[in-house]
Amino acid sequence: MRVHFTVNGRPQQADDVWEGESLLYVLRERLGLPGSKNACEQGECGSCTVRLDGVPVCSCLVAAGQAEGREVVTVEGLADHARQRARGCGESGGSCGTSLDEAKAWKPDGADSQTGEGGELSPVQQAFIDAGAVQCGFCTPGLLVAADETLERNPNPSDADIREALSGNLCRCTGYEKIMDAVRLAAARQSEGV
Amino acid sequence: MDFLRPASWEEALAVKAEHPTAVPIAGGTDVMVEINFDHRRPEYLMDLTRIGDLYEWEVGDDTVRLGASVPYAQIMEHLRPELPGLALASHTVASPQIRNRGGVGGNLGTASPAGDAHPALLAAGAEVEVESVRGSRRIPIDGFYTGVKRNALAPDELIRAVHVKKADGPQQYSKVGTRNAMVIAVCAFGLALHPETRTVRTGIGSAAPTPIRAKAAEDFLNAALEEGGFWDNGKIVTPSVAKQFADLCAAACNPIDDVRGTASYRRHAVGVMARRTLTWTWESYRGAHRTTEGAA
Ligand SMILES: Cc1cc2nc3c(=O)[nH]c(=O)nc-3n(C[C@H](O)[C@H](O)[C@H](O)COP(=O)(O)OP(=O)(O)OC[C@H]3O[C@@H](n4cnc5c(N)ncnc54)[C@H](O)[C@@H]3O)c2cc1C
Ligand code: FES
Ligand code: FES
C-alpha cells in the first residue's frame, strides 16, 4: 500500500508498504531516515521514539498505515522543530515568518532539514554533547526526542520529572547520570535564554 | 494482509461483520509486538485510530463513559478525581510512550490476567459497552473475562466504551514488579471503598487465569465493617480484621509459577497488598470522615 504523511515538516510518500509494517521501518528503510533506531521492536527500549502529531510514541509500535495524514517529527528534524518552537510558531500558533534578527543571523550552513545533517543542533542535542551523555549513541535519538518534548511541556522539571519522562528509554552505556546532567543543562540554558 | 481504515464507528461495525477475523488495532502496543515478532499474521488489520468517538469521555452523574481508545496518559491527566483507581493503575503501565498510545479498550481486548486496568475496573465496578451490526449490549466487568486472554466479545463485536462507576470513596492500586517503570505485574491489587453502599470491592491481577475479585474477602470485610459500626465511627480497622481480609484475598488466588514469580510468592504478595491498600484507603476515609464530622 501507499502511505502519505508529513515528516519533519515535509510531505512524504512511501510506496509498496507492507500492511503490517511499522512506522519505524518506513522511516528507516523506505524514507532513508535512519536516525530513529531499532533495538527491540517491542516498545521496551524507546530508541525508536518519534513525535506523532506532537505526542512521543514508539514508532516500532505504530502501524505504517496509522500514520497516514499525520505529522511525524524524528531526531533528524529536532533542530528545526526546536527553532520553530523558539520562534513561537507551530502548534501554539503565532507567526512563522522569519524575523529581522533571524534574517540577519542567516548563514549558508548547508543544512538539510530532511536529514538534519550539517545544520545547527537543537539545545537538547548540544547539551547531550556538552554533558558527555553520548557513548555508543544508540539510545541517543530516542532520548533526545523524549527529552526535548519533556522540556517543551515542563521547562523546569525536577529530577523526578526527568526520570519519569525518560523511563521509557533504555541506555546500556552511560548509567543515566550524564543523561540527567544533559537534561538539567538544557533546562538551565533554556531558562537563561541562551 | 489488508489494512482497513474505517472512518466512522458504523463503518467499523460493518467491516467487522463482513470480516469477523479482522484484528482491530488501536494503540497497537499489543498488536504490533505480535506482528513484529511474527506471532500473528492477521488477514485484515482494522485501524481504529480514525474514529474520534473512541477517544472521548463523558463524566455523568454516576459513571464515566470512557471511550475505548482513550490513552492511559489522558486518564491519568484528566480523570484522577473521578476514577482514582484506574488513574493510579494507568500510571503503572509501561512508559510514557506506551501510555500515550495504549488504552483500556486494548487492555480489555487482550484480556491478559496481567493487564493493569482490570483490577481497577473490577474494584470500581464497570460495564463494557460492546456493539456489532446486530446491536449493542453492556457486559458487566465481572463477566467479561472468560479465560486466559479470552473475553466475552463475539467475533463480530467491538468495544465502544467502558462505563466506570465514579468513585464515591478512596481507591488504591498496588503492583509488584522488579522496578517502577516498564514492568508487567508479578501480581497486582486494586481496592475501592464505596461508602454510599457501605461496601468494599477488590480486583486481583496476575494471580489467576483471569483478573478476579476476592468475593469471600469482600463479604467478610463488609460484614465486619458493618457489625463494628466502622463506617459511622470512623475507627481504625482492627488488625485482626485486616489480617483475615488479607488471608481471604490470598486464598482467592489461583496463581502459577512462571518467570516473573512463584505461585506462593504471588499469594503472599496479594495478601500484603490487600492489607496495605485497605489501610491506605481506610486512613483516607477516616481523614475525610473526621473533616466532615468536625465541620458539622
Ligand atoms: C513495552 C510494553 C510494556 C507494557 N506494559 C504493560 C503494563 O505495564 N501493563 C499493562 O496492562 N499492559 C502493558 N502492556 C500491554 C499494552 O500496552 C496494553 O495491553 C494496552 O492497554 C493495549 O492497548 P492498545 O490500544 O495499544 O491495544 P492494541 O494493541 O491496539 O490492541 C490490543 C488488543 O485489543 C483489541 N482491541 C483494541 N481495541 C479494540 C476495540 N475497540 N474493540 C475490540 N477489540 C479491540 C485488538 O484487536 C488486540 O487484540 C505493555 C506493552 C508494551 C509494548
Ligand atoms: S525499537 Fe521501538 S521501543 Fe525498542
Ligand atoms: S549511549 Fe550506548 S546505549 Fe546509551
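Just so it is clear, the structure is predicted and the values come from calculations on it, not from any experiment.

Parameters at a glance
- Residues numbered from 1 in each chain as written.
- Chains lettered and ligands numbered in written order.
- Predicted model: local features only at pLDDT ≥ 70, side-chain atom pairs only at ≥ 80, totals over all residues.
- Heavy atoms only, no water.
- Contact = heavy atoms within 4.5 Å.
- Buried area = accessible area lost by both parts, 1.4 Å probe.
- Salt bridge = Lys/Arg side-chain N within 4 Å of Asp/Glu carboxyl O.
- Polar contact = N/O pair within 3.5 Å; in protein donor to acceptor, adjacent residues only side chain to side chain.
- Helix = DSSP H or I, 4+ residues; strand = E, 2+ residues; numbered from the N terminus.
- Nonpolar A, V, L, I, M, F, W, Y, C, P; charged D, E, K, R; others polar.
- Pairing = 2+ DSSP bridges.
- Axes fitted to C-alpha atoms, helices over the stretch in contact; angles between N-to-C directions.
- Buried < 20%, exposed > 50% of the residue type's maximum accessible area, 1.4 Å probe, protein only.
- Arc of directions from axis to C-beta.

*Asks:* Would you mind showing me how to read the interface of chain B and chain A here?
*Replies:* Facing the 30 residues of chain B at the interface are 34 residues of chain A. In total, about 2,400 Å² of surface goes out of reach between chain B and chain A, with carbon and sulfur atoms giving 54% of it. At the junction of chain B with chain A, the criterion picks out two salt bridges. Across the pair Glu164(A) and Arg99(B) runs a salt bridge, and its minimum N-O distance is 3.0 Å. Applying the counting rule to chain B against chain A returns 13 residue pairs in polar contact (both at pLDDT 80 or more). Those elements giving two or more residues to the side of chain B that touches chain A turn out to be β1 (2-4), α2 (31-36), β3 (44-47) and α5 (96-99) of chain B. Taken together, the residues of the side of chain B that touches chain A break down into 13 nonpolar, nine polar and eight charged.

*Asks:* Any chance you could explain the sheet that holds strand β5 (residues 71-73) of chain A here in plain terms?
*Replies:* Where strands meet in a sheet, backbone hydrogen bonds hold them as pairs that are either parallel or antiparallel. Residues and elements named next belong to chain A. Taken in spatial order, the five strands of this open sheet run β2-β1-β5-β3-β4, and their pairing is mixed. For this open sheet the edge positions go to β2 (10-14) and β4 (55-58), each flanked by a neighbour on one side alone. With direction set aside, neighbouring strand axes in the sheet form an average angle of 40°. Of the strand pairs in this sheet, strand β3 (residues 49-52) and β5 are connected by two bridges, and their pairing is antiparallel. Bridged to Leu52 within β5 is Val72. Contacts between helix α5 (residues 140-153) and the sheet are confined to β3 and β4, with β3 contributing the most and set at about 45° to the helix.

*Asks:* When you look at the pattern of salt bridges in this model, what are you seeing that I'm missing?
*Replies:* Opposite charge on two side chains permits them to pair, given that their charged atoms come into close proximity. Tallied over the entire structure, the rule returns 35 salt bridges over all chains. Among the salt bridges present, the one from Asp53(A) reaches Arg70(A), with a minimum N-O distance of 3.5 Å. Taken together, the residues Asp53(A) in the loop between β3 and β4 and Arg70(A) in the loop between β4 and β5 connect sequence positions 17 residues apart. Taking the relative accessible area as the measure of exposure, Arg70(A) reaches 21% and is therefore partly exposed. For Arg160(B), the salt bridge goes to Glu131(B), with nearest N and O atoms at 3.1 Å.

*Asks:* When you look at the pairing of β4(A) in this model, what are you seeing that I'm missing?
*Replies:* In this structure, β3(A) lies alongside β4(A), joined through four bridges in antiparallel fashion. Its bridge partner lying in β4(A), Val50(A) is registered against Val57(A).

*Asks:* Would you mind going over the pairing of strand β1 (residues 3-7) of chain A with me for this structure?
*Replies:* Put simply, side chains in a regular strand alternate between the two faces of the sheet. All names here are of chain A. Only one face of β1 is buried, namely the one carrying Val3, Phe5 and Val7, since none of His4 and Thr6 on the opposite face is buried. Here five bridges tie β1 to β2, and the two strands are oriented antiparallel to one another. Following the sheet pairing, Phe5 is matched in β2 by Gln12. Hairpin geometry of β1 and β2 is characterised by an intervening segment of two residues between the two adjacent antiparallel strands and by a positive phi of about 50° at Asn8. Relative to β5, β1 runs parallel, the two sharing two bridges. Residue pairing across strands places Val7 opposite Val72, the latter belonging to β5.

*Asks:* Honestly, helix α1 (residues 9-18) of chain B in this entry has me stumped. Any pointers?
*Replies:* Think of an α-helix as 3.6 residues a turn; residues three or four steps apart then line up on the same face. Residue and element names in this part refer to chain B. Here α1 has its buried residues at Trp9, Ala12, Leu13, Val15 and Lys16. Viewed along the axis of α1, the buried residues span an arc of 160°, placing them on a single side of the element. Away from its buried face by more than 90 degrees, α1 exposes Glu10 and Glu18. Buried residues along α1 sit against β1, β2 (23-25), β3, β6 (126-132) and β10 (158-165).

That's the geometry; what it means functionally is another story.
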